[in-house]
There are 2 protein chains.
Amino acid sequence: MDRAVTISQVAALAGVSTGTASKALNGRGALRPETRLRVQQAAEQLGFVANAAARSLQTGRTYTVGMITTDSIGRFSIPLLIGAEDALGAGQMSIFLCDARDDPIREQYYLRTLLSRKVDGIIVTGRRTQARAPIGVGLPVPVVYAFISSADPADCSVVPDEADGSRRAIRHLLAVGRRRIALVTGPEHHHSASVRARAAEDTLAAEGLRPAVPTLYGEWSEAWGRQAAGILLSTGADVDAVFCGSDQIARGLAEALTKAGREIPRDVALVGFDNWDVMVEGCQPPLTSIDMDLEGIGRTAAEQLLAAINGTPAHGQHARPCRLVPRASTAV
Amino acid sequence: MDRAVTISQVAALAGVSTGTASKALNGRGALRPETRLRVQQAAEQLGFVANAAARSLQTGRTYTVGMITTDSIGRFSIPLLIGAEDALGAGQMSIFLCDARDDPIREQYYLRTLLSRKVDGIIVTGRRTQARAPIGVGLPVPVVYAFISSADPADCSVVPDEADGSRRAIRHLLAVGRRRIALVTGPEHHHSASVRARAAEDTLAAEGLRPAVPTLYGEWSEAWGRQAAGILLSTGADVDAVFCGSDQIARGLAEALTKAGREIPRDVALVGFDNWDVMVEGCQPPLTSIDMDLEGIGRTAAEQLLAAINGTPAHGQHARPCRLVPRASTAV
DNA sequence: CTGAAAGCGCTAACAG
DNA sequence: CTGTTAGCGCTTTCAG
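Since we're looking at a predicted model, the values are computed, not measured.

Draft legend 1. A look at the overall build of chain A. The number of helices and strands found in chain A is 12 helices and 14 strands. Whereas a compact globule of 332 residues would reach a radius of gyration of roughly 20 Å, chain A reaches 26 Å, over 25% beyond that. Split into buried and exposed, the 332 residues of chain A put 55% on the buried side. The long-range share in chain A, meaning contacts at least 24 apart out of those at least 6 apart in sequence, stands at 70%. Carbon and sulfur atoms provide 51% of the accessible area of chain A, an area that totals close to 14,100 Å². Looking at charge distribution, chain A has the averaged site of its 35 positive side-chain charges lying 5 Å from that of its 35 negative ones.

Draft legend 2. Looking closely at the pairing of strand β10 (residues 241-244) of chain B. All names here are of chain B. Neither face of β10 is left uncovered, since the one carrying Ala 241 and Phe 243 and the one carrying Val 242 and Cys 244 both have all their residues buried. Of the strand pairs in this sheet, strand β8 (residues 181-185) and β10 are connected by four bridges, and their pairing is parallel. Following the sheet pairing, Val 184 is matched in β10 by Cys 244. Regarding topology, helix α10 (residues 247-259) serves as the crossover connection from β10 to the parallel strand β11 (residues 269-273), and that connection is right-handed.

Draft legend 3. Representation of the sheet that holds β10(B). Residue and element names in this part refer to chain B. The strand order across the open sheet built from six strands is β9-β8-β10-β11-β12-β14, with neighbouring strands paired in mixed fashion. Looking at strand neighbours, the two that pair on one side only are β9 (216-217) and β14 (323-325), the edges of this open sheet. In this fold helix α8 (residues 191-206) packs onto β8, β9, β10 and β11, with an angle of close to 170 degrees to the strand it touches most, β8. Across the sheet, α10 is in contact with β8, β10, β11 and β12 (288-291); its angle to β11 comes to roughly 155 degrees.

Draft legend 4. Spotlight on the interface of chain B and chain A. In this complex, chain B contributes 57 residues to the contact, which on the side of chain A involves 58 residues. Buried surface at the junction of chain B and chain A, summed over both partners, amounts to about 4,600 Å²; 52% is from carbon and sulfur atoms. Counting across the interface, chain B meets chain A through eight salt bridges. For Arg251(A), the salt bridge is made with Glu255(B), and the minimal N-O distance between the two is 3.5 Å.

Draft legend 5. Spatial organisation of the domain arrangement of chain A. The domain boundaries assigned to chain A delineate domain 1 (7-50), domain 2 (62-160 + 293-320) and domain 3 (162-292). Domain 1 of chain A and domain 3 of chain A are separated by 64 Å when their C-alpha centres are compared.

Draft legend 6. Examining the side chain of Asp240(A) more closely. Residues and elements named next belong to chain A. Within the secondary structure, Asp 240 sits in the loop between α9 (222-235) and β10 (241-244). The buried charged residue Asp 240 lacks any salt bridge partner; its closest oppositely charged side chain belongs to Arg 178, at an N-O distance of 5.2 Å. Asp 240 has contacts with Gly 177, Arg 178, Arg 179, Arg 180, Ile 181, Asp 267, Val 268 and Ala 269, leaving out every residue within four places of it along the chain.

Criteria and thresholds
Residue numbers restart at each chain and count upward from 1, following the sequence in its written direction. Chain labels run from A onward and ligand labels from 1 onward, assigned in the order the entries are written. Per-residue local features are limited, in this predicted model, to residues with pLDDT of at least 70; the limit for side-chain atom pairs, both in listing and counting, is 80 or more; totals at the level of whole chains, interfaces and linings are taken over all residues. The basis for every side-chain value is the complete set of non-hydrogen atoms in the structure, without hydrogens or water. Runs of E in the DSSP output that reach at least two residues are strands. Runs of H or I that reach at least four are helices, and both are numbered from the N terminus. Within these notes, the globule rule equals 2.2 Å times the number of residues to the 0.38 power, and the radius of gyration is based on C-alpha atoms. Three labels apply to residues, based on accessible area from a 1.4 Å probe with only protein chains included: buried if under 20% of the type maximum, exposed if over 50%, partly exposed otherwise in between. In what follows, residue pairs with any heavy atoms lying within 4.5 Å of each other are defined as contacts. Surface exposure here means Shrake-Rupley accessible area, sampled with a 1.4 Å probe, where a residue is shielded only by the protein chains that are shown. Asp and Glu count as negative and Lys and Arg as positive, but His and the ends of the chain are not part of the count. In this description, the location of a charge corresponds to atom NZ of lysine, CZ of arginine, CG of aspartate or CD of glutamate. Strands were regarded as paired on the criterion that DSSP finds at least two bridges between them. Here a crossover is taken to be right-handed if, once the strands point away from the viewer, the path from the first strand over the helix to the second is traced clockwise. Fitted lines through C-alpha atoms give the axes, limited to the stretch in contact for helices. The angle between two N-to-C directions lies from 0 to 180 degrees. Summed over both partners, the accessible surface that disappears when two parts come together, traced with a 1.4 Å probe, is what is meant by buried area. Each salt bridge in this description consists of a side-chain nitrogen of Lys or Arg and a carboxyl oxygen of Asp or Glu lying within 4 Å of one another. Throughout, the edges of the domains are those of an automatic or database domain assignment.

What follows is the structure, given as structure tokens:
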């Protein structure tokens, strides 16, 4: 907790002025190579680390960005964060993480804090893909929404193309020869659930097909998956594949179907959504699933933010394609 | 991206000097109430937010802390982070999140960055509880290790008392009348695996018992749990309970035992470790498990850090007790 | 090629 | 009670 080394100390040791030392250390100006070297050695020797506050006070840039997760930090936020860190870290930027816990008060408080810290930009993320009210209007720094999207079309949002994911799932099931496909997903009022189901139905319709039974809406849980299996079996509809709204649902379904004597994928093929490692690998057999590439979304959002910071902001919603990861649950 | 409002603008609008405005806004000095009010209104009107960089340049405090996760951000980091945020957010401190991804180079880079940002303190965390080399020596700011611990006993570490968790698990199984208890856990060379197993064996020994079969070491996966079930069944040892090193192992075991016709908990009672929501709830029946209270660890670590920042650093390893969460897998 | 000086926005003495 | 002044540590003209 000793007083930190300042650039003037470095300058003194190197026998130059602070201005010269600054130039030497930042590679600016036109200096004699030996002077530059002398300063660098002095800095090294003293363990000099520039004071970011002082620098940013001067330059107006802080090389920091804030990341506000509106819903509590969760499973989805991590890959987003990692992706963003990836893109920002390379540019020497640090991230302030703020967990607003779904509380508007906290959210505004954090926003204020971030502005006082003069972050260069803000990434807003959340647990649901549904559009949300902008976090603020006329903010002095660029904002990019990741995963979640802003209701204001002028804002920049980077989101997964969930409909694309559904299409891939259905096409894959069709490709492995299934025709009597059922859909089991989360709550009907949940944006992701309805978007995914709708797209799946449309994809079937485009092939002249319909779901084997009306889409089953429930919860995002294994328990619901197990329950849904019972429903499917009791309808007598001869389902040969199920596309689930989440890996958890799929897993519950797999378990219950297996218990009821159905063999996966021979009797029923299964596709999940999220490609959540512990779920798809724990499932028996391992689960084919749709990956939203959250890390890529985080990375793209960060890149968009950097672009905006550098003066070329993007607008509107950028939907990124999903990827199907085939595993044993749909193996032919 | 307009130039931000400065305190001198506020002062001008309120018709006072900047010094007075500063005092008014920070509740310092002795001002006439009406003056204070006038300044506050002016600040409000202009949407003034103090520049943190300028302030910290003056005061030497930044009210920021860095959190370095040595291993990649994972499931364990989230609750730790939430707990830390909780304790720090109250004190108006912001967190820089840095993911070193298990790369010493990145780690040192981040450390340097954090120091240049003049953070008031640093929390180091990771995926394994095993002691690690200190992140640096003679650092100008206090450091607290959370979950992970530092090999230097002079450093402050806040860790889960995993042995305590094991004791609770075994005592619970004994309390529900089990005597032929087996232990199935992760890799033998993994610190958590061995600590947990050792403590469980010791607890049994204290009751004059031994594990029903020699402790089974394997991986931290459901697959291993399933495999272990096969081993247990084939030994012919009449096991009436299994304490697993993780919820995933327990879940695999539950699945395989059920499939083999054993009923849980009637024939075999099961206790997991981690109390990971999706695992314990997805398990059939729901899994009794040991909770390390990661959020509490994060909170405590942050509190220790705040104490250190305020001049009263703690030293050594602080082990926090675990908690057993009973569910159907051990119901009597 | 290098030094001197000004100033980023704020706080903290110290006068008045 | 309020204003003035002097920096915090750094970058950046502008002279020399």
